[in-house]
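The primary structure of each chain is shown beneath.
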Amino acid sequence: MEFSEHIKTANVEDVVLRQPLHPPYRGTLCITGHHLLFSDREENSSRQLLLLLRNIDAIEKRTSGSSGTITIKCKDRQVLQLDIPGMEQCLNIAHSIEALSSLDCVAEMYPFFYRPSDLSLPQQWGLNSHERLYAQIKSLSDRWRLSSINEDFSVCPSYPQSAIVPCDVDDDMLRKVAKFRQGGRFPVLCYFHKKNGMVIMRSSQPMTGANRKRCREDELLLQAVIDSSEKGYIIDTRSGQQAQQARMTGGGFESKSIYSSWKRLHRQMERGKALQESLVKLVDACSDESHNMDRWLSRLENSKWLSHVQTALSTAGLVAECVERDGHSVLVHGSEGADCSLLISTLAQVIMDPCCRSLEGFLALLEREFIQAGHPFQQRCARSAHSHARLQQESPIFLLLLDCVWQVWRQFPLALGFSEALLLRLASEAYASDYGTFLCNSEQERSVSTDGLVIYLAKSSQLLFFKTHISRSALGVKSKTHCLFQALLRQTEKYSNPLYEPTELAIWPSVHPQSLQLWRGFFLRWTQQARYLEEAQEEIRNMVNEWGKAGLQLMTS
């Protein structure tokens, strides 16, 4: 279907726009296949609004007499109001926005059409983070290898084409382990601690079921991770009761009697619907300006969002403590292993690894642990907190990660090489973007282009597999869209932390209730108070830059 078929009215004159932090102004409203454009009607005026329709989470319309009002609630927390003359025009505009903002076909989304004049489609898409990690590990240890067992995505559809695994485990063993782990997500290395050689592994749950099924290859793989004299920890992001219940549906956990070298610890973390509802409650509380202090604090507490932040940081701290302080390797998993497991492994690396705290290192970490590791962005970020649609697989795991990183950034203002502006940009881009980085749910869906599909099928024995998934795997995201992370690295001055002082030490964020705060920059983003914070941060950046220039002049004079 053509975009034009959804546009009942393309242009409307004499529309009044009301948006946060700006006075109302009158102008022309235009709708295209991907954007809502508003231009001031006054001559020589530069005021305009260009809103990506994908950013719209919900709209509310009401008519009165011969005119109407449309309230637009965006995924980035902005709320706009359009006063439109003519009731029919108002209803047509509302219908067009609703249709175009909820298109599900990935190939119709704006990243496939975005062609800025200063960029060309990259030959190398992404930051090559996975290969760079293996190169670092290879120079430090000979116990690990890079397996290409998943080259055709047939072993695990949600994993990348290569995985770092113990040298003692061959590919035939990995295939059997993949069949034993939910979704094929067998244990893979995601972090190597240079100080003591300990590692963080991640996976999905073992499919032991009610009959306590075993997999000898899985047991050997985990034993190969540690020496015979060592102990390892399994951090299960479910409660013990949830893990027990999972056995009734074919899932389960690692039995203590079978995996005797590993100690299992349960740290329950909410995800899915519960986490989404928590976000909705918090956003509702932040949007309501009518209540007093007691009611505000009550609604903030009832949302439980900061409790989720606390749980995530404390669990990541536990993983880091096992590796850094106690000298034990860790396996992290919940059920599917594509949500909370990735959140915890990412945060633990921010705590321990100074390389992950630089601007480029942090982006590489996100690419490796969320993009390449198969976090289903297309499902989790389809809608946000304002949506009236029936939510299915939405869950703000990535937003929770960014909030946790902001808490660390606030507690250690010199230790992270990026600014809050980067976190805010990432929070917006995950839900609506000009770039293809957060499109689709896995590397498989992003990787294969239509041009190479026939050749790829001819070389692969998995013909039926690819026919089944052709609708998404033929999109060619990596060949037809721009990479967000590469674009961000071209703007280091905007997103770097001017106060950054690298440290080789681990940083241990406090998780006491008094130490955690509401992320005002995001949840109160379109308020005057947040604007003051942005202005103060910009002033600090300018001052630091001036000091740097003055110091350089003194050194050269």
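Treat the numbers as computed from the prediction; the structure is a model and nothing was measured.

Parameters at a glance
- Residues numbered from 1 in each chain as written.
- Predicted model: local features only at pLDDT ≥ 70, side-chain atom pairs only at ≥ 80, totals over all residues.
- Heavy atoms only, no water.
- Helix = DSSP H or I, 4+ residues; strand = E, 2+ residues; numbered from the N terminus.
- Contact = heavy atoms within 4.5 Å.
- Areas by Shrake-Rupley, 256 points an atom, 1.4 Å probe, with all protein chains shown as cover.
- Buried < 20%, exposed > 50% of the residue type's maximum accessible area, 1.4 Å probe, protein only.
- Axes fitted to C-alpha atoms, helices over the stretch in contact; angles between N-to-C directions.
- Parallel < 35°, antiparallel > 145°, perpendicular 65-115°, else oblique.
- Expected span 1.5 Å × (residues − 1).
- Phe/Tyr/Trp six-rings, centres within 6.5 Å; stacked < 30°, edge-to-face > 60°.
- Lys NZ or Arg CZ within 6 Å of the ring centre and 35° of its normal.
- Core = buried A, V, L, I, M, F, W, Y, C linked by side-chain atoms within 4.5 Å.
- Salt bridge = Lys/Arg side-chain N within 4 Å of Asp/Glu carboxyl O.
- Pairing = 2+ DSSP bridges.
- Left-handed = near helix turned anticlockwise from the far one by under 90°.
- Nonpolar A, V, L, I, M, F, W, Y, C, P; charged D, E, K, R; others polar.
- pLDDT = per-residue confidence, 0-100.

Asker: Break down the overall build of the protein chain for me, citing the residues and quoting the values.
Answerer: When helices and strands are counted, the protein chain shows 22 helices and 14 strands. A fraction of 72% describes how many contacts in the protein chain between residues 6 or more apart in sequence connect residues 24 or more apart. With the model as given, the accessible surface of the protein chain reaches about 25,200 Å², and the carbon-plus-sulfur share is 49%.

Asker: Kindly report on unusual backbone geometry, identifying the contributing residues and their values.
Answerer: Here the phi dihedral of Phe-153 falls at roughly 60°; this positive angle occurs in a residue that is not glycine. Along the chain, Phe-153 falls in the loop between strand E8 (144-147) and strand E9 (163-166). Residue class for Phe-153 comes out buried when judged on its relative accessible area of 0%. The phi dihedral of Arg-212 falls on the positive side, at around 55°, and the residue is not glycine. Looking at where Arg-212 falls in the secondary structure, it is placed in the loop between strand E11 (199-202) and helix H4 (216-225).

Asker: Tell me about the packing of helix H2 (residues 129-138) against helix H10 (residues 359-371), residues and numbers included.
Answerer: H10 packs onto H2 with a crossing angle of 105° between their chain directions and a minimal axis gap of 9 Å. The orientation of H2 with respect to H10, classified from their angle, is roughly perpendicular. Here Ser-129, His-130, Arg-132 and Leu-133 of H2 come into contact with H10, specifically with Glu-360, Ala-364, Glu-367 and Arg-368.

Asker: Pulling in residues and values, what's your account of helix H9 (residues 340-352)?
Answerer: Here H9 contains 13 residues, and its C-alpha end-to-end distance of 18 Å stays within 8% of the 18 Å for a straight helix at 1.5 Å per residue. Where burial is concerned, most of H9 is hidden: 13 out of the 13 residues are buried.

Asker: Go over the packing of aromatic side chains, please, and point to the residues and values.
Answerer: Taken as a whole and judged by the stated rule, the model has 15 aromatic pairs. When the centroid spacing of 5.4 Å and the interplanar angle of 75° are considered together, the rings of Tyr-114 and Tyr-435 count as edge-to-face. Of this pair, Tyr-114 sits in the loop between helix H1 (87-101) and H2 while Tyr-435 sits in the loop between helix H13 (420-429) and helix H14 (443-447), and the two are 321 residues apart along the sequence. The exposure classification of Tyr-114 matches that of Tyr-435, with both residues buried. Among the aromatic residues, those joined into a ring-pair cluster are Trp-305, Trp-406, Trp-519, Phe-522 and Phe-523. Lying across the ring of Trp-508, Arg-325 places its NZ or CZ 4.1 Å from the centre.

Asker: I'd love a proper account of the nonpolar core, names of residues and values included.
Answerer: Counting 99 residues, the largest nonpolar core has Leu-343, Phe-362, Phe-398, Leu-426, Phe-485 and Phe-523 as the members making the most contacts within it. Once residues within four sequence positions are removed from consideration, Leu-343 is found in contact with Met-269, Ala-312, Phe-370, Ile-397, Leu-400 and Leu-401.

Asker: Kindly report on the pattern of salt bridges, identifying the contributing residues and their values.
Answerer: In total, this model carries 22 salt bridges according to the counting rule given. For Asp-288, the salt bridge is made with Arg-299, and the minimal N-O distance between the two is 3.1 Å. Of the two residues, Asp-288 sits in the loop between helix H6 (272-287) and helix H7 (293-303) while Arg-299 sits in helix H7, which places them eleven residues apart along the sequence. Assessed through its relative accessible area of 21%, Arg-299 is described here as partly exposed.

Asker: Describe the sheet that holds strand E7 (residues 79-85), listing the residues and the values that go with them.
Answerer: Pairing between the strands of a sheet is mediated by backbone hydrogen bonds and can be parallel or antiparallel. Taken together, the seven strands give an open sheet; going across it, the order is E4-E3-E2-E1-E7-E6-E5, and neighbouring strands pair in antiparallel fashion. Edge positions in the sheet fall to strand E4 (48-52) and strand E5 (56-64), since each of these pairs with one other strand and no more. Neighbouring strand axes in the sheet, compared pairwise and without regard to direction, differ in orientation by 30° on average. Direction of pairing for E5 relative to strand E6 (residues 67-74): antiparallel, over a ladder of eight bridges. What sits directly across from Lys-61, in E6, is Ile-70. Sitting on the sheet, H1 touches strand E1 (11-18), strand E2 (25-31), strand E3 (35-40), E5, E6 and E7, and the angle it makes with E5 is about 165°.

Asker: I'd like a rundown of the packing of H6 against H7, residues and numbers included.
Answerer: Running from N to C, H6 and H7 point in directions that differ by 165°, and their axes come no closer than 8 Å. Considering the angle they form, H6 stands roughly antiparallel to H7. Like other packed secondary-structure pairs, H6 and H7 cross with a definite hand, here left-handed. Listed contacts from H7 to Ser-278, Lys-281, Leu-282, Asp-284, Ala-285 and Cys-286 of H6 are Trp-296, Arg-299, Leu-300, Asn-302 and Ser-303. Grouping the amino acids of the contact of H6 with H7 by side-chain chemistry returns five nonpolar, three polar and three charged.

Asker: Mind laying out the confidence of the model for the protein chain, listing which residues take part and the relevant values?
Answerer: Keep in mind that low pLDDT regions are not for reading the predicted coordinates in detail. Per-chain confidence: the protein chain averages 88 in pLDDT, with 89% of residues scoring 70 or above. Throughout residues 450-473 the model reports pLDDT below 50, and contacts reaching past four residues in sequence, or to other chains, amount to 31 contacts.

Asker: Before we move on, could you go through the sheet that holds strand E14 (residues 329-333) and cite the residues and values that matter?
Answerer: The sheet built from five strands is open, its strands ordered E10-E11-E14-E12-E13 with mixed pairing. Edge positions in the sheet fall to strand E10 (188-192) and strand E13 (262-266), since each of these pairs with one other strand and no more. Across the sheet, the mean angle from the axis of one strand to that of its neighbour is 25°, orientation sign disregarded. H9 contacts E10, E11 and E14 of the sheet and is inclined by roughly 165° relative to E11.

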